[in-house]
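# Analysis of the macromolecular model
The residues making up each chain are set out below.
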2 protein chains.
Amino acid sequence: MPLMAITTVGLDADDTLWHNETIFRLTQDRFRALMADYAEPEFLDARLAEVERRNLALYGYGVKGFTLSLIETAMDITGGQPPGRVIADILAAGREMLSHPVEPLPGVRQAMAELSQHYRLVLVTKGDLLHQEQKLAASGLGEFFVGVEIVSEKDASTYDRVFTRHGTGAAEAAMCGNSLRSDVLPALEAGAFAAHIPYPLTWAHELADPPLGHPRFAELASIAELPGWLSGLG
Amino acid sequence: MPLMAITTVGLDADDTLWHNETIFRLTQDRFRALMADYAEPEFLDARLAEVERRNLALYGYGVKGFTLSLIETAMDITGGQPPGRVIADILAAGREMLSHPVEPLPGVRQAMAELSQHYRLVLVTKGDLLHQEQKLAASGLGEFFVGVEIVSEKDASTYDRVFTRHGTGAAEAAMCGNSLRSDVLPALEAGAFAAHIPYPLTWAHELADPPLGHPRFAELASIAELPGWLSGLG
């Protein structure tokens, strides 16, 4: 393989730059407690996962759709007659998720500062448009990015478009994130490099097998390893 | 004023290219009927408007936030104990809004076809990311646009960014839409031309006074007048 000049680095946001799945799981714990009189936790989780899967094509990713799916699950589980306090508490939980403070994960700010000296950094994320913009602003990381792309789906054509728009094409770009399914596999398919930085929790919908042995793939233990891996590529 | 070469035309989507407010109003009628035992229509509308206004900064624009605001209003009005069928019906109404068929308004397809021969067309719209993409796909109008920008807020900096990204800057661009507040005033502020094409219904949040006498502003009776107005500019 010839030496490549990486010009552009795409970064996932949720669970790569800041906590996200943890906040969803905490809300789900609260939902379990709220519904404890009606359903065992495992049964409740399975029903919620089913409702979320059914709604994904219509609601997309993000807190608002999740809140609506929680309400729908509560309806299902209570035979269509949830106590008012359940609905009130779900609405409150949704609002709290949307206004949750955002703090960069350990090592993120330093890695961004270093990377931004050598590459064009582009944030590539799914979720609610306004909420993702607000989280980026609250994180204080906005200054490091030359582009922000909030997208409804991450597939190969997404990365092709994003790296053409903000860089010099996918072949000279690397994508980095915690989801093999959304960040790594479609970026490789688009011709980019890709690094996987696992987060301790992964939403079932995002699970996939790592492309071990792929020449443009790396598994990193933390974002602190990203600058070193990139500089070793070209 | 020197002759200007307009290179880029921005178009709003909801209530400019296809019906939107009508669908919200129909859902609101349904909500009134659903809550008839609890509140007079005027009182209900006022409470809903208040809840929407309060939630706007957190939920942004779009059907999912509207659905959550309907549920919250139903909670308020029923003293926190809405009948289950009310919640079920609101969830169903939200899903129906998200899967509502999309048909271009009269004259839109022909105007787009004509405009696309002379200008770069950019769709600029607020709302839920996934839903707006789905509506554009369902409308069959996607082929006419060189760029699609789904944004959380339409202000002068939005138009500056969009017309720089997809065109030759705001000074050589024109924005066209049904909202004076979102489509016309901030586009003029950014230095672009702007045409207002009223829709019979306007959400209270979008109302503003027309900038009568502004040299780069026009009030058009329908989108069919847009190509003629643009070609008269330079």
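Residues numbered from 1 in each chain as written. Chains lettered and ligands numbered in written order. Predicted model: local features only at pLDDT ≥ 70, side-chain atom pairs only at ≥ 80, totals over all residues.

### Focus: the relation of the copies chain A and chain B
Note on the copies: chain A fits chain B at an RMSD of 0.0 Å, the axial shift is 0.0 Å, and the rotation between them is 180 degrees. Here the two chains are linked by the operation of a two-fold rotation axis. Comparing interface residues between copies, 100% of those in chain A also sit at the interface in chain B, which points to an isologous, same-surface contact. (Least-squares fit on C-alpha atoms with pLDDT ≥ 70 in both. Contact = placed C-beta atoms within 7 Å.)

### Focus on the nonpolar core
The biggest cluster of nonpolar side chains holds 89 residues, and the ones touching the most others in it are A174 and A192 of chain A together with A174 and A192 of chain B. Sequence-distant contacts of A192 of chain A, that is, excluding residues within four places in its chain, are made with Y159, F163, A170, A173, A174, M175 and A187 of chain A. If you look at the next biggest cluster of nonpolar residues, it comprises 39 residues, including M75 of chain A together with L48, A74 and M97 of chain B. (Core = buried A, V, L, I, M, F, W, Y, C linked by C-beta atoms within 7 Å. Buried ≥ 20, exposed ≤ 12 C-beta atoms within 10 Å, placed from the backbone.)

### Things to note about the sheet that holds strand 3 (residues 147-150) of chain A
All names here are of chain A. Ordered by their spatial adjacency, 6 strands build an open sheet running 3-2-1-4-5-6, and the pairing between neighbours is parallel. Taken across any chain shown, the strands that pair with only one partner, and hence form the sheet edges, are strand 3 and strand 6 (217-219). The average angle at which neighbouring strand axes cross in this sheet is 20 degrees, direction not considered. Alignment of strand 1 (residues 8-11) against strand 2 (residues 120-125), held across 4 bridges, turns out to be parallel. For T8, the partnering residue across the bridge sits in strand 2 and is R120. (Pairing = 2+ DSSP bridges. Helix = DSSP H or I, 4+ residues; strand = E, 2+ residues; numbered from the N terminus. Axes fitted to C-alpha atoms, helices over the stretch in contact; angles between N-to-C directions.)

### Considering the domain arrangement of chain A
Residues and elements named next belong to chain A. Looking at the assigned domains, one finds that chain A contains domain 1 (8-18 + 103-231) and domain 2 (21-98). In this structure, domain 1 and domain 2 have C-alpha centres spaced 29 Å apart. Across the contact, 11 residues belong to domain 1 and 10 residues belong to domain 2. When the residues that make up the side of domain 1 that touches domain 2 are grouped by side-chain class, the tally is 4 nonpolar, 4 polar and 3 charged. (Domains from an automatic or database assignment. Nonpolar A, V, L, I, M, F, W, Y, C, P; charged D, E, K, R; others polar.)

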